[in-house]
Amino acid sequence: MADFITDTHRELCVETLKELIAIPSVLNEGEDGTPFGKDIQRALETTLGIANNLGFKTYIDPKGYYGYAEIGEGETLIAILCHLDVVPAGDLSKWKTNPFEAVIENNQLFGRGSQDDKGPTVASMYAVKALLDAGVPFNKRIRFIYGTDEETLWRCMARYNEIEEVADMGFAPDSSFPLTYAEKGLLQVKITGKGSSDLSLELGEAFNVVPGKASYSGENQKELIENLTRLGYAYETTDDTVVVIGESKHSKDAGDGINAIIRLIEGLSPIQTHSTIDFLLTHIGHDGTGSQLFGKIEDEPSGQLSFNVAGLTIDENHSEIRIDMRIPVLADKDALVKQLSETVAQYGLVYEEFDYVRPLYVPLDSQLVQTLLSVYRDMTGDMSPAMSSGGATFARTMKNCVAFGAAFPHTLLTEHQENERIPLNDLYKAMSIYAEAIYRLLML
């Protein structure tokens with residue numbers, strides 16, 4: 001089994017990745033007439049320009065929601081589902097390097113998007129380029145679909161699916177090897193209620209990030225510090241702010257994180273009261289699985305529910321809790337919503353669904369899963385089984401698509417964290433796997 005990837009492909013892949021990481025493609029909705037911000041638009045246009053130079057036919061949605069790059073002929077369409085937007089950099093003081101300047105250190109490439117999802121996107125693009133250079137016939141069409149709103153509401157793919165051709169099969173290079181065939185349902189909600197004249201909070205970042213810090217600038221900071229010390233919670237202070245320290249994780253791994261919002265409101269609860277605080281401490285607490293509210297929710301294919309309190313706002317006019325849930329594929333979403341709605345109503349709060357993405361499930365014995373799994377096993381010798389995940393990838397936006405790489409079982413997962421990085425050897429190996437996988441899919 002020949003490796004299609006050459007040193008030239010590896011070098012070009014790294015240079016292209018550096019170019020894309022330098023674009024801070026963080027959501028800035030509506031900026032300069034773009035749907036998601038001028039930097040996201042620039043990342044999309046730059047990527048399409050690169051793809052065009054590699055030999056692809058390219059197209060950009062007139063409204064700027066998505067673009068795609070296609071090569072090959074035939075009725076069958078194979079999609080490679082990527083995204084070019086990234087989460088915010090987070091705490092800059094924790095970065096060893098500029099998050100939007102790709103830096104290679106100790107054979108690792110640092111930069112926001114290196115692991116999620118610019119690195120895997122570029123690796124899969126140069127995998128196809130390697131096949132072209134090797135003279136492989138493309139009797140099926142390969143279409144890279146570039147999303148621009150993956151880290152928030154997936155409006156890019158919603159628009160794509162309204163007006164574009166749906167693929168016959170495909171994969172999203174936005175997860176881990178060997179392969180993910182089942183992904184939990186993604187439910188994001190807002191719990192709203194009355195404001196407060198005594199308490200002002202603006203906490204959290206994106207829905208899909210466990211808050212690693214939570215700041216308080218109100219009154220009674222001395223008492224708050226005493227409470228935090230008594231509870232054993234880490235914090236930092238400035239002249240006018242107390243910053244509670246947690247441990248940030250992706251929402252799919254909420255049970256492994258330490259939610260700084262929950263720690264802060266627990267410290268505040270003896271000195272400040274509010275219905276949102278009462279609800280969160282009574283029914284959610286520090287458990288990232290929602291078991292205090294729902295009991296234990298899990299299934300055989302996809303494991304346990306995850307429950308992330310991603311944000312909390314309290315001002316004079318209103319309050320809002322922002323929650324991200326990853327629901328096991330066999331769980332009853334409607335029953336969970338009913339229980340949550342009824343519980344928050346007891347505190348004068350109102351349930352509002354913000355976003356829902358259905359779960360993913362492709363049978364293990366399908367031709368797609370068996371083909372991709374055999375490629376990974378042949379090229380690594382790793383016989384690990386296909387997986388289920390709490391993560392949400394674009395694979396679930398189309399039928400017969402799965403998540404395939406690019407992180408390996410040994411890879412330290414740093415997406416959504418400070419010092420996000422991808423080992424260069426992993427990047428190169430992923431390129432080789434993607435090239436072989438696409439080759440075999442073309443030969444089916």
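Note on numbering: residues in each chain are counted from 1, in written sequence order. For this predicted model, a pLDDT threshold of at least 70 governs which residues receive local features, and a threshold of 80 or more governs which side-chain atom pairs are given and counted, while totals over whole chains, interfaces and linings are taken from all residues. With hydrogens and water stripped out, all remaining heavy atoms of the structure feed into the side-chain values.

Colleague: Could you clarify how one ought to interpret the overall build of the protein chain in this entry?
Modeller: Looking only at helices and strands, the protein chain features 11 helices and 24 strands. For the radius of gyration, the atoms used are the C-alpha atoms, and the globule rule reads 2.2 Å times the number of residues raised to 0.38. Taking 444 residues into account, the globule formula puts the C-alpha radius of gyration at 22 Å, and the protein chain, at 22 Å, falls close to it. Along the first, second and third principal axes, the C-alpha set of the protein chain runs to 70 × 45 × 45 Å. Relative accessibility decides the category of a residue: with a 1.4 Å probe and only protein chains considered, values under 20% of the type maximum give buried, values over 50% give exposed, and everything between is partly exposed. Counting across all 444 residues of the protein chain, residues that qualify as buried make up 59%. Contacts are assigned to residue pairs that have any heavy atoms within 4.5 Å of one another. Restricting to contacts in the protein chain with at least 6 residues of sequence separation, those with at least 24 account for 76%. In the protein chain, 37 positive and 66 negative side-chain charges are present, and the distance between their average locations comes to 3 Å. Working definition: helices are DSSP H or I runs of at least four residues, strands are E runs of at least two. Numbering for both runs from the N terminus. Under this rule, positive means Lys or Arg and negative means Asp or Glu; His and the chain ends count for nothing. The atom standing in for a charge is NZ when the residue is Lys, CZ when it is Arg, CG when it is Asp and CD when it is Glu.

Colleague: Quick question: what am I supposed to make of the nonpolar core here?
Modeller: Across soluble globular proteins, nonpolar side chains have a tendency to be buried as a group. Formed by 87 residues in total, the largest nonpolar core has its most connected members in Ile142, Phe144, Tyr146 and Phe404. When residues of this core are assigned to their parent elements, the largest contribution, 11 residues, is made by helix 11 (residues 424–443). If we ignore the near neighbours within four places in the chain, the residues touching tyrosine 146 are Leu44, Thr47, Leu48, Ala51, Tyr66, Gly67, Tyr68, Ala69, Cys82, Leu84, Thr121 and Met125. Nonpolar cores were defined as sets of buried Ala, Val, Leu, Ile, Met, Phe, Trp, Tyr and Cys residues, with membership established by side-chain atoms within 4.5 Å.

Colleague: For this particular structure, what's the right way to read the pattern of salt bridges?
Modeller: Pairs may arise between side chains of opposite charge once their charged atoms sit close together. By salt bridge we mean one thing: a side-chain nitrogen of Lys or Arg within 4 Å of a carboxyl oxygen of Asp or Glu. Summed over all chains, the structure comprises 27 salt bridges. As a salt-bridge pair, glutamate 247 and lysine 249 come within 3.7 Å of each other at their nearest N and O atoms. By relative accessible area, lysine 249 is classed as partly exposed at 23%. The salt bridge involving lysine 296 is made with glutamate 298; its shortest N-O contact spans 3.4 Å.

Colleague: For this particular structure, what's the right way to read the sheet that holds strand 12 (residues 213–216)?
Modeller: Strands in a sheet are paired, the pairing made by backbone hydrogen bonds, and the direction either parallel or antiparallel. When DSSP finds two or more bridges between two strands, those strands count as paired. Taken in spatial order, the 3 strands of this open sheet run 12-14-13, and their pairing is antiparallel. The open sheet is flanked by strand 12 and strand 13 (235–237), the only strands paired with a single partner. Strand-to-strand twist across the sheet, computed as the mean angle between neighbouring axes with direction ignored, equals 20°. Two strands pair when backbone bridges link them, and strand 13 and strand 14 (residues 242–245) are joined in this way by 3 bridges, in the antiparallel orientation. Bridged to tyrosine 235 within strand 14 is valine 244. Helix-sheet contacts for helix 5 (residues 221–231) involve strand 12, strand 13 and strand 14, and the interaxial angle to strand 14 is about 20°. Axis angles are defined between N-to-C directions and span 0 to 180 degrees, where every axis is a line fitted to C-alpha atoms and, for a helix, only to the segment in contact. Helix-sheet contacts for helix 6 (residues 260–268) involve strand 12 and strand 14, and the interaxial angle to strand 12 is about 35°.

Colleague: Looking at this structure, how should I read the environment of alanine 130?
Modeller: Mapped onto the fold, alanine 130 is located in helix 3 (residues 118–133). For alanine 130, a relative accessible area of 1% puts it in the buried group. Residue contacts for alanine 130: discarding those within four places in its chain leaves Phe4, Ile5 and His9.

Colleague: Looking at this structure, how should I read the packing of aromatic side chains?
Modeller: Note on aromatic pairs: each is described by the distance of the centres and the angle between the planes. Planes of paired rings set the category: under 30 degrees apart is stacked, over 60 is edge-to-face and the rest tilted, where pairs are Phe, Tyr or Trp rings (Trp by its six-membered ring) whose centres lie within 6.5 Å. Enumeration over the complete set of coordinates arrives at 19 aromatic pairs. Consider the rings of phenylalanine 177 and tyrosine 434, whose centres lie 5.8 Å apart with planes at 45°: the pair is tilted. Placement of phenylalanine 177 in the loop between strand 8 (175–176) and strand 9 (180–183) and of tyrosine 434 in helix 11 is noted, with a sequence separation of 257 residues between them. Connected via pairs of aromatic rings, a cluster forms that spans Phe171, Phe177, Tyr376, Phe404, Phe408 and Tyr434. In this structure, arginine 159 is placed above the aromatic ring of tyrosine 65, and the distance from its NZ or CZ to the ring centre is 5.7 Å. Between the NZ or CZ atom of lysine 333 and the centre of the ring of tyrosine 356, over which it lies, the distance is 4.4 Å. Any Lys NZ or Arg CZ found within 6 Å of a ring centre and within 35 degrees of that ring's normal is scored as a charge over the ring.

Colleague: How should the environment of leucine 349 be read in this particular structure?
Modeller: Here leucine 349 shows up in the loop between helix 9 (333–345) and strand 19 (350–357). Separated by 241 residues in sequence, leucine 349 and glutamine 108 place their C-alpha atoms 47 Å apart. In this structure leucine 349 touches Ile191, Thr192, Gly193, Ser275, Thr276, Phe279, Ser319 and Val344, once residues within four positions along its chain are discounted.

Colleague: Would you mind going over the packing of helix 2 (residues 38–54) against helix 3 with me for this structure?
Modeller: Each pair of packed helices can be summarised by the angle the axes make with each other and by the distance between the axes. Direction vectors running N to C along helix 2 and helix 3 enclose 10°, while the axes themselves pass 11 Å from each other. Considering the angle they form, helix 2 stands roughly parallel to helix 3. Here Thr47, Ile50, Ala51 and Leu54 of helix 2 lie close against helix 3, whose contacting residues are Met125, Tyr126, Lys129 and Leu132. Here the contact of helix 2 with helix 3 is built from residues that sort into 6 nonpolar, 1 polar and 1 charged. For this classification, under 35 degrees means roughly parallel, over 145 means roughly antiparallel, 65 to 115 means roughly perpendicular, and everything else is oblique. Each residue gets one label: Ala, Val, Leu, Ile, Met, Phe, Trp, Tyr, Cys and Pro are nonpolar, Asp, Glu, Lys and Arg are charged, and the others, such as Gly, are polar.

Colleague: Would you mind showing me how to read the side chain of lysine 140 here?
Modeller: Mapped onto the fold, lysine 140 is located in the loop between helix 3 and strand 6 (141–147). Here lysine 140 occupies a buried position and makes no salt bridge, while the nearest side chain of opposite charge, aspartate 168, is found at 9.4 Å. At a separation of 3.4 Å, a polar atom in the side chain of lysine 140 contacts the main-chain carbonyl oxygen of leucine 441. Apart from residues no more than four positions distant in its own chain, lysine 140 is found in contact with Ile71, Gly72, Glu73, Thr76, Ile78, Leu441, Leu442, Met443 and Leu444. Polar contact is defined as a pair of N or O atoms within 3.5 Å, subject to the rule that within protein one atom must be able to donate a hydrogen and the other to accept it, and that residues adjacent in sequence are counted only when both atoms are side-chain atoms.

Colleague: Is there a simple way to think about helix 7 (residues 275–283) in this case?
Modeller: Residues spaced three or four apart along an α-helix point in a common direction, a consequence of the helix completing one turn every 3.6 residues. For helix 7, the complete set of buried residues consists of Thr276, Ile277, Phe279, Leu280 and His283. Looking at the buried residues of helix 7, the elements they touch are helix 6, helix 8 (291–294), strand 17 (306–314), strand 18 (319–327) and helix 9. Glycine 285 sits one or two positions beyond helix 7 and adopts a positive phi of about 65°.

Colleague: Teacher, can you tell me more about the state of the cysteines here?
Modeller: Here a disulfide denotes one covalent bond, and it connects the sulfur atoms of two cysteines. Two cysteine sulfurs form a disulfide in these notes if their separation is within 2.5 Å. All chains considered together, the criterion is met by 0 disulfides. Not engaged in a disulfide, the cysteine cysteine 82 finds its nearest cysteine sulfur in cysteine 156; these two sulfurs lie 11 Å apart.

Colleague: I'm lost on the sheet that holds strand 5 (residues 108–110) in this one. Help?
Modeller: If you walk across this open sheet you meet the 3 strands as 4-5-24, and the pairing is antiparallel. The open sheet is flanked by strand 4 (103–105) and strand 24 (421–423), the only strands paired with a single partner. Ignoring strand direction, the axes of neighbouring strands in this sheet form an average angle of 25°. As judged from the 3 bridges shared by strand 5 and strand 24, these two strands associate in the antiparallel manner. When the sheet's bridge partners are listed, leucine 109 is paired in strand 24 with isoleucine 422.

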